[in-house]
Amino acid sequence: MTNRKIKALLFDFDGTLLDTNELIIQTFLHVLETKFPGKYSREDVLPFLGPSLKDTFSTVDLERVDELIQDYRKWNIAHHDELVTEFDGVLETLLALKEAGIRLAIVSTKRQDMLARGLHVLQAEGLFEVIIGLDDVKNVKPDPEPILLALEKMGLRKDEVIMIGDNSHDIEGGKNAGVKTAGVAWSLKGEAFLAQFKPDYMLYHLSDLLEIVGEVNYEEN
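Residues numbered from 1 in each chain as written. Predicted model: local features only at pLDDT ≥ 70, side-chain atom pairs only at ≥ 80, totals over all residues. Heavy atoms only, no water.

Undergrad: Is there a simple way to explain the pairing of strand E1 (residues 8-11) in this structure?
TA: Every other side chain in a regular strand lies on the same face of the sheet, so the side chains alternate between the two faces. Burial along E1 is two-sided: Ala-8 and Leu-10 facing one way and Leu-9 and Phe-11 facing the other are all buried. Taken together, the four bridges between E1 and strand E4 (residues 103-107) define a ladder with parallel strand orientation. The partner of Phe-11 across the bridge, within E4, is Ile-106. (Buried < 20%, exposed > 50% of the residue type's maximum accessible area, 1.4 Å probe, protein only. Helix = DSSP H or I, 4+ residues; strand = E, 2+ residues; numbered from the N terminus. Pairing = 2+ DSSP bridges.)

Undergrad: Just to check I follow, could you spell out the pairing of strand E6 (residues 161-165) for this structure?
TA: The buried fraction of E6 is high, at five of five residues. Where burial is concerned, the two faces of E6 agree: the one with Val-161, Met-163 and Gly-165 and the one with Ile-162 and Ile-164 are both buried. Of the pairings in the sheet, the one linking E1 to E6 comprises four bridges and is parallel in character. Paired with Phe-11 across the two strands is Ile-164, which belongs to E6.

Undergrad: Explanation requested: empty space enclosed by the protein in the structure shown.
TA: Picture a little ball the size of a water molecule; that probe, rolled over the atoms, points out where space is still empty. Applying the stated criterion to the full structure yields two cavities of 30 Å³ or more. Looking at the largest cavity, its volume works out to about 480 Å³. Considering the residues around the largest cavity, the lining is formed by 31 residues, among which Asp-14, Ile-24, Tyr-72, Thr-109 and Lys-110 are closest to the centre. Secondary structure elements with two or more residues in the lining of the largest cavity: helix H1 (21-35), helix H4 (65-83) and helix H8 (168-177). Sort the elements by how many residues they give to the lining of the largest cavity and H4 lands first, with four residues. Split into classes, the residues belonging to the lining of the largest cavity amount to eleven nonpolar, eleven polar and nine charged. Size it by volume and the second largest cavity reaches roughly 30 Å³. (1 Å grid on protein atoms, 1.4 Å probe; cavity = no way out; pocket = protein on both sides within 12 Å on 5 of 7 lines; lining within 4 Å. Points joined across faces, edges and corners; volume = space filled by probe spheres on them. Nonpolar A, V, L, I, M, F, W, Y, C, P; charged D, E, K, R; others polar.)

Undergrad: I would appreciate a short explanation of the packing of H1 against H4 in the present structure.
TA: Think of two packed helices as two axes; the pair is described by the angle between the axes and how far apart they sit. Two elements in contact, H1 and H4, have axes whose closest approach is 9 Å; the angle formed by their N-to-C orientations is 140°. By the criterion of interaxial angle, the relationship of H1 to H4 is oblique. In this structure, the crossing between H1 and H4 has a hand that is right-handed. Residue-level inspection shows Glu-22, Leu-23, Ile-24, Gln-26, Thr-27, Phe-28, His-30, Val-31 and Lys-35 of H1 in contact with H4, the latter providing Glu-67, Leu-68, Asp-71, Tyr-72, Trp-75, Asn-76, His-79, His-80 and Leu-83. (Axes fitted to C-alpha atoms, helices over the stretch in contact; angles between N-to-C directions. Parallel < 35°, antiparallel > 145°, perpendicular 65-115°, else oblique. Left-handed = near helix turned anticlockwise from the far one by under 90°. Contact = heavy atoms within 4.5 Å.)

Undergrad: Which parts of the structure should I look at to understand helix H5 (residues 90-99)?
TA: Listed in full, the buried residues belonging to H5 are Val-90, Leu-91, Thr-93, Leu-94 and Leu-97. Burial along H5 is one-sided: seen end-on, the buried residues are contained in an arc of 165°. Along H5, exposed side chains directed more than 90 degrees from the buried face belong to Glu-92 and Glu-99. Following H5 by one or two positions, Gly-101 adopts a phi angle in the positive range, close to 90°. (Arc of directions from axis to C-beta.)

So, in structure tokens, the structure goes:
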């Protein structure tokens, strides 16, 4: 029987560990209202949560992508700390997983500097062995590159990890990389949306991971 003991968990960041939803929505609305008055509503920008800024703004105005990204980052940085919050039980669960010997990593489409800022808000600096951000790869999720890079850096096999996230890109990226996946039911897009992509697990609270990892690893002993 093949050993499939879970040794590590790979987390998306925005919308999974840190509730940045309101920050992201308000940033998009501010930037787009400035450039395209009256064209975009709150509902219109919800699909923009998840993909990279380059991918998103390429669908808005292909000739002004760099300008839009610059405007986005400026407003986002200025309002970051006031608009983000921790999802329930995140730090407590991460500490418990670490205590149980589970290795932790982040695989995000966010830049390293903003990931560091978010980790500071969470008070989770030092908990993650590997952090893969936008600056580390050529291709972001759902391309498997960032997940495979995390595995390479950690020296782990595909059957030893779970990729966890709040968006289709996280689930599809995990599947494309050949690893198990978990969706989070607190995704802004909703549990039903994520379920369409058939993650191996659906989490209703981050602490569900303690039971999932415990059960899988117990079966392998």
